[in-house]
Amino acid sequence: MLKASILFSAACLLAIGSYVMFKPDLSDLGFIPVVATNPETASEFRSLFAGSFLAYGYLLVRYIYSFSSVSIAQTIAYIMGFIAIGRLVSFFYEGLNSFGLFVFFGEVFLAIVLVMIHRKRKNEIPYS
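Thresholds applied
- Residues numbered from 1 in each chain as written.
- Predicted model: local features only at pLDDT ≥ 70, side-chain atom pairs only at ≥ 80, totals over all residues.
- Heavy atoms only, no water.
- Helix = DSSP H or I, 4+ residues; strand = E, 2+ residues; numbered from the N terminus.
- Contact = heavy atoms within 4.5 Å.
- Areas by Shrake-Rupley, 256 points an atom, 1.4 Å probe, with all protein chains shown as cover.
- Lys, Arg positive; Asp, Glu negative; His and termini not counted.
- Charge placed at Lys NZ, Arg CZ, Asp CG, Glu CD.
- Buried < 20%, exposed > 50% of the residue type's maximum accessible area, 1.4 Å probe, protein only.
- Polar contact = N/O pair within 3.5 Å; in protein donor to acceptor, adjacent residues only side chain to side chain.
- Axes fitted to C-alpha atoms, helices over the stretch in contact; angles between N-to-C directions.
- Parallel < 35°, antiparallel > 145°, perpendicular 65-115°, else oblique.
- Left-handed = near helix turned anticlockwise from the far one by under 90°.
- Nonpolar A, V, L, I, M, F, W, Y, C, P; charged D, E, K, R; others polar.
- Core = buried A, V, L, I, M, F, W, Y, C linked by side-chain atoms within 4.5 Å.
- Salt bridge = Lys/Arg side-chain N within 4 Å of Asp/Glu carboxyl O.
- Patch = residues over 30% accessible without salt bridge, like charges linked within 9 Å, V, L, I, M, F, W, Y side chains within 5 Å.

## Comments concerning the overall build of the chain
Per the secondary structure count, the chain includes four helices and zero strands. Tracing the chain from N to C terminus, the helices and strands come up as α-α-α-α. Along the first, second and third principal axes, the C-alpha atoms of the chain reach 55 × 40 × 15 Å. Taking all contacts inside the chain whose residues are at least 6 apart in sequence as the whole, residues at least 24 apart take part in 64%. Of the roughly 8200 Å² of accessible surface on the chain, a fraction of 72% belongs to carbon and sulfur atoms. With 9 positive and 7 negative side-chain charges, the chain shows a separation of 17 Å between the mean positions of the two kinds.

This is the structure we're talking about:
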């Protein structure tokens, strides 16, 4: 019953995240009570809200079906990666802007650094 509840929650997060990320016009989201009237707001909403929801849904599914633990660095890297994907989608719908590009490169940089840290720690042998 608990697994089914988590999977239902993950499916809801994935559906809402996908709906918001790939909906061309964010001025009317239907059941989501937010209005994004300008391109900057739409870009942030698409990347942060939708990207986070997709990441959380993915992590919940992975939690249910994986027997290996996920490190904190890896978890944050997944979240930043999905947010960066949302930023790329927002570039397609809302266009490029200097702030968006700056933040996108920061998100990608952080995700890469976190993956590198995770791999480094994973390869270290504890001597205890």
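Structure's up, so let's keep going.
## As for the environment of E107
As for its placement among the helices and strands, E107 is situated in helix α4 (residues 98–123). Using a relative accessible area of 4% as the deciding quantity, one classes E107 as buried. Within the structure, E107 has its side chain in polar contact with the side chain of R87 (distance 3.0 Å).

## With respect to the environment of V20
Mapped onto the elements of the fold, V20 is located in helix α1 (residues 2–22). For the pair V20 and L110, spaced 90 residues apart in sequence, the C-alpha to C-alpha distance is 24 Å. Among all residues touching V20, those that are not within four sequence positions of it are L26, L29, I32, F45, R46, F49 and A50.

## A look at the packing of helix α3 (residues 72–94) against α4
As a packed pair, α3 and α4 sit with axes 8 Å apart at the nearest point and diverge in direction by 155°. Compared by their axis directions, α3 and α4 come out roughly antiparallel. At the point where α3 passes α4, the crossing takes the left-handed sense. Here A73, Q74, I76, A77, M80, G81, I83, A84, R87, L88 and F91 of α3 come into contact with α4, specifically with G100, L101, V103, F104, E107, V108, L110, A111, L114, V115 and H118. Each residue belonging to the contact of α3 with α4 can be placed in one class, and the counts come to 16 nonpolar, four polar and two charged.

## Considering the nonpolar core
Ranked by size, the top nonpolar core spans eleven residues in total: V20, M21, L26, L29, I32, A36, A42, F45, A50, L54 and V89. Among the elements that line this core, the one with the most residues is helix α2 (residues 39–65), at four residues. For L54, the contacting residues outside a window of four places in its chain are L13, L14, G17, S18, M21 and F82.

## Considering the pattern of salt bridges
When the charged atoms of two side chains lie near each other, side chains of opposite charge can form a pair. Taken as a whole and assessed by the stated rule, the structure comprises three salt bridges. The shortest N-O distance in the salt bridge between E94 and R46 comes to 2.8 Å. You can see E94 sitting in helix α3 and its partner R46 sitting in helix α2, a full 48 residues away along the chain. With a shortest N-O distance of 3.0 Å, R87 and E107 are connected by a salt bridge. Here R87 is found in helix α3, whereas its partner E107 is found in helix α4, with 20 residues between them in sequence. Among the ionic contacts, a cluster of salt bridges with common partners joins E44, R87 and E107.

## Points about a nonpolar patch on the surface
Taken together, the side chains of I72, I76 and L110 define a hydrophobic patch exposed on the protein surface, amounting to about 270 Å² of accessible area. Tracing the backbone through its elements, the reader meets L110 in helix α4. Judged by its relative accessible area of 34%, L110 falls in the partly exposed class.

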